[in-house]
Amino acid sequence: MTLLTERPPTARTSAEVELTGLAKRYGGTVAVDDLSLTVPAGEFVALLGPSGCGKSTTLRILAGLEQPDRGQVLLSGTDVTAVPAHRRDIHTVFQSYALFPHLSVADNVAFPLRQRGVSRPDIRGRVADALALVQLPAAGDQPVTSLSGGQQQRVALARAIVDRPSVLLLDEPLSALDRSLRQAMQVELRLLQQNLGVTTVLVTHDQEEALSLADRIVIMSDGRAEQVGTAEEVYDHPASLFVARFVGEQNEISGIVNSHGKLQHADVVVGAPTIAEPGPALALIRPEHIRVGLDLSSPADVNNIDGIVRGVSIAGISSVVLVHCRGLTLLARVPRDGRPLPHVGDQVRCSWDPAHVRIFPTPEGA
Ligand code: ADP
């Protein structure tokens, strides 16, 4: 009798991934620079950053497709840095799908099981399970080339999970799909990852994808991790100017921090919850935190600027209002909740809560 608590013999457990002090150069180019990261078993982590920041190289080192110059890769505490890719219990889904065009859907999915010498009846059952998990239960006999791009990406996903790897790596897996299909696949991917409980590392340059899918996000720049945190942490509490500018939209007001710890731009004064260090700095305020009001009766003071509306447009559930204020252009995202919108040419007051202001010292040349 099989107890419910027993795992089938071929199922594996999800692994903790640990990268310690990884470094990789290509000639004079630093691709990864002293990167350390721990991903607990079952967590979904996204590596997010601009092109060339070292995301794919990090993933390839983790997969065993690239050797680091320094540092280690550990899976559940075991050093696998010198273990070749095919001996690591890791599967990768690439943007290019990398399917075999001459094989059927089922044979593509069965490939890793055949390589491991799994018995025929076992293969049949597990391929059917994997195809059901990616919502393609009836596609097994079809030539893989007869499927759409989105369906082929599901087949690639089924092939990656059929062997129940300890770690699943996703290298821009959805970026070839159109927007609506990509969004639908994101929801499915998240559900699938949660069902399987497999440790997952996703590489993406699409911040919406990273913020909506991952438990934690690693914001990378120049081969380093600038910040590791949940979507809320990196969005609401960016650890650096780079993260603040990279994630989401920002209004930027440049100026000098005065002796009261507030940023001054001409006669505009911006205050954050904490006192900023004196010197050149940038104040950042997200468009959704800027209120646009028509009441100009009291004098404008800290975190208030009067200006003229230069543009109003509808952007889905919000409207975008562009306001020119004494040499500054501010973008406000106003909810479309039935309240009247200002018109182009209106005199308005832009204001915001100091809690939503971040002030960063301006590095040389920023
Ligand atoms: P990302 O995935 O964030 O776009 P990559 O990890 O692909 O970044 O690349 C990081 C840096 O390393 C880039 O400057 C890239 O040009 C360089 N690089 C990556 N792979 C190679 C390679 N095989 N040979 C030479 N340079 C490479």
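You'll find the structure just up there.
Residues numbered from 1 in each chain as written. Predicted model: local features only at pLDDT ≥ 70, side-chain atom pairs only at ≥ 80, totals over all residues. Heavy atoms only, no water.

Thoughts on the packing of helix α2 (residues 105-115) against helix α3 (residues 120-133)
Phase 1: Put simply, α2 and α3 touch, their axes get as near as 9 Å, and they point 120° apart. It follows that α2 is oblique to α3 by the angle criterion. Crossing hand, α2 versus α3: right-handed. Between α2, through V105, A106, V109, A110, L113 and R114, and α3, the contact on the second element is made entirely by I123, R126, V127, A130 and L131. (Axes fitted to C-alpha atoms, helices over the stretch in contact; angles between N-to-C directions. Helix = DSSP H or I, 4+ residues; strand = E, 2+ residues; numbered from the N terminus. Parallel < 35°, antiparallel > 145°, perpendicular 65-115°, else oblique. Left-handed = near helix turned anticlockwise from the far one by under 90°. Contact = heavy atoms within 4.5 Å.)

Things to note about the site of the ligand
Phase 1: Around the ligand, a shell composed of Y26, T29, A31, P50, S51, G52, C53, G54, K55, S56 and T57 is seen.
Phase 2: The separation between an oxygen atom of the ligand and a polar main-chain atom of S56 is 2.8 Å.
Phase 3: Of all the elements in the fold, those that place two or more residues in the shell around the ligand are β2 (29-39) and α1 (55-63).
Phase 4: No other element matches α1, which puts three residues into the shell around the ligand.
Phase 5: For the shell around the ligand, the class distribution of residues is four nonpolar, six polar and one charged. (Near = heavy atom within 4 Å. Polar contact = N/O pair within 3.5 Å; in protein donor to acceptor, adjacent residues only side chain to side chain. Nonpolar A, V, L, I, M, F, W, Y, C, P; charged D, E, K, R; others polar.)

Let's talk about the layout of surface pockets
Phase 1: Each pocket or cavity is described by its volume, and for the largest pocket that value is around 630 Å³.
Phase 2: Broken down by secondary-structure element, the contributors of at least two residues to the lining of the largest pocket are β6 (90-94), α2 and α4 (149-161).
Phase 3: Counting residues per element, the lining of the largest pocket draws most heavily on β6, which supplies five residues.
Phase 4: In the lining of the largest pocket, the residues fall into 13 nonpolar, four polar and six charged.
Phase 5: When its volume is computed, the second largest pocket comes out at roughly 360 Å³. (1 Å grid on protein atoms, 1.4 Å probe; cavity = no way out; pocket = protein on both sides within 12 Å on 5 of 7 lines; lining within 4 Å. Points joined across faces, edges and corners; volume = space filled by probe spheres on them.)

Worth remembering: the numbers are spatial, not functional.
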